[in-house]
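A structural walkthrough
Chain by chain, the residues run as shown.
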Protein chains: 2
Amino acid sequence: MNMEMDKKDAENAPLDAEQFAAICKALGHPARVRIIKHLKAMDRCICGQIVEILPLAQSTVSQHLKQLKAAGLIRGEIEGMKTCYCLDHDALERFKRMAAMI
Amino acid sequence: MNMEMDKKDAENAPLDAEQFAAICKALGHPARVRIIKHLKAMDRCICGQIVEILPLAQSTVSQHLKQLKAAGLIRGEIEGMKTCYCLDHDALERFKRMAAMI
DNA sequence: CATGTTCATCGTAAAACGACGATATACGAT
DNA sequence: ATCGTATATCGTCGTTTTACGATGAACATG
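The following paragraphs examine the structure supplied in this document. Being a predicted model, the structure only gives us computed values, none of them experimental. (Residues numbered from 1 in each chain as written. Chains lettered and ligands numbered in written order. Predicted model: local features only at pLDDT ≥ 70, side-chain atom pairs only at ≥ 80, totals over all residues. Heavy atoms only, no water.)

**Some points on helix α6 (residues 89-100) of chain A**
A turn of α-helix holds 3.6 residues, and therefore any two residues three or four places apart point the same way. Here α6 of chain A is 12 residues long and its end C-alpha atoms lie 16 Å apart, about the 16 Å a rise of 1.5 Å per residue gives. Among all positions in α6 of chain A, only A91, L92, F95, K96, M98 and A99 of chain A are buried. Each buried residue of α6 of chain A lies within a common arc of 165° when the element is viewed along its axis, so the set occupies one face. Those residues of α6 of chain A that are exposed and aimed more than 90 degrees away from the buried face are D90 and A100 of chain A. On the buried face of α6 of chain A, the contacting elements are α2 (17-26), α3 (30-42) and β3 (82-87) of chain A together with α2 (17-26) and α6 (89-100) of chain B. Regarding α6 of chain A, its N-cap is D88 of chain A, as a side-chain oxygen of that residue lies 3.2 Å from the backbone nitrogen of D90 of chain A further along. (Helix = DSSP H or I, 4+ residues; strand = E, 2+ residues; numbered from the N terminus. Expected span 1.5 Å × (residues − 1). Buried < 20%, exposed > 50% of the residue type's maximum accessible area, 1.4 Å probe, protein only. Arc of directions from axis to C-beta. Contact = heavy atoms within 4.5 Å. Polar contact = N/O pair within 3.5 Å; in protein donor to acceptor, adjacent residues only side chain to side chain.)

So this is what it looks like as structure tokens:
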């Protein structure tokens with residue numbers, strides 16, 4: 001009966017500062033914002049393409065991707081030798097809702 | 001003729017990653033999100049009240065306020081011995097618009 | 001099997017952050 | 001003038017972030 005309370009509460013909660021701050025922190029770097037923008041434009045793309053559009057070393061980009069993934073904003077699935085990243089649209093929507101109530 | 005181009009462009013730009021990331025970074029700490037929330041509830045309040053609602057030293061809170069001010073999200077005006085802080089609603093609106101187009 | 005490609009992780013160095021106590025500044029009150 | 005109050009800034013310390021090159025793991029190809 002109250003198994004779903006967490007989810008329900010989360011939807012109309014005033015705003016969880018910890019949660020919102022965590023996502024903002026993940027978006028708090030230009031490179032990561034550009035990654036999100038690019039994924040939005042491409043819908044999904046492989047890691048190599050993201051490395052190409054950023055003036056950063058491959059290892060650095062990989063770290064940024066890791067942070068975005070840890071924040072739940074993107075997902076990455078290994079496809080053979082490559083890794084394909086895409087947005088987590090639900091997470092982005094949650095972020096937008098939270099941002100709107102700031 | 002193009003003296004105002006900066007401003008115009010900023011209004012309908014797809015999204016300036018640097019700008020958006022800077023604001024997100026400022027919001028990337030729970031204490032600062034709580035400060036914003038509190039200012040939204042109170043509309044304006046003196047620094048001392050903010051210090052009271054956070055489990056942090058006064059100097060730490062002062063630093064967080066400084067970051068929020070540097071990001072343009074809040075303004076602070078000295079009123080005699082106290083300092084009164086309030087939200088910069090325009091900046092918040094710009095942030096919300098940017099967040100919505102992420 | 002050997003080699004090349006794609007990506008993640010490790011190790012590291014510099015910079016930035018977060019927190020605190022101590023101090024400085026500015027003002028009001030006595 | 002002195003004292004107390006409110007706030008900002010300084011100095012410091014430990015942690016985290018950002019960046020890089022080097023290395024490793026997984027897979028494809030010759």
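**Remarks on the protein's contact with DNA strand C**
Around DNA strand C sit 23 residues in total, of which G48, Q58 and Y85 of chain A together with A57 and H64 of chain B are the nearest. Between DNA strand C and R32 of chain B, the relevant distance is 3.2 Å, taken from a phosphate oxygen to a side-chain nitrogen or oxygen of the residue. A57 of chain B places a polar main-chain atom, nitrogen or oxygen, 2.8 Å from a phosphate oxygen of DNA strand C. The class makeup of the residues in the surface near DNA strand C is seven nonpolar, 12 polar and four charged. (Near = heavy atom within 4 Å. Nonpolar A, V, L, I, M, F, W, Y, C, P; charged D, E, K, R; others polar.)

**Some remarks on the relation of the copies chain A and chain B**
With an RMSD of 0.0 Å, the fit of chain A onto chain B corresponds to turning through 180° and sliding 0.0 Å along the axis. On the angle and the small slide along the axis, the relation comes out as a two-fold axis. Taking C-alpha positions as the reference, the residue of chain A nearest the rotation axis is C24 of chain A, at 2.4 Å. A symmetric contact is evident, with 100% of the interface residues of chain A recurring at the interface of chain B. (Least-squares fit on C-alpha atoms with pLDDT ≥ 70 in both.)

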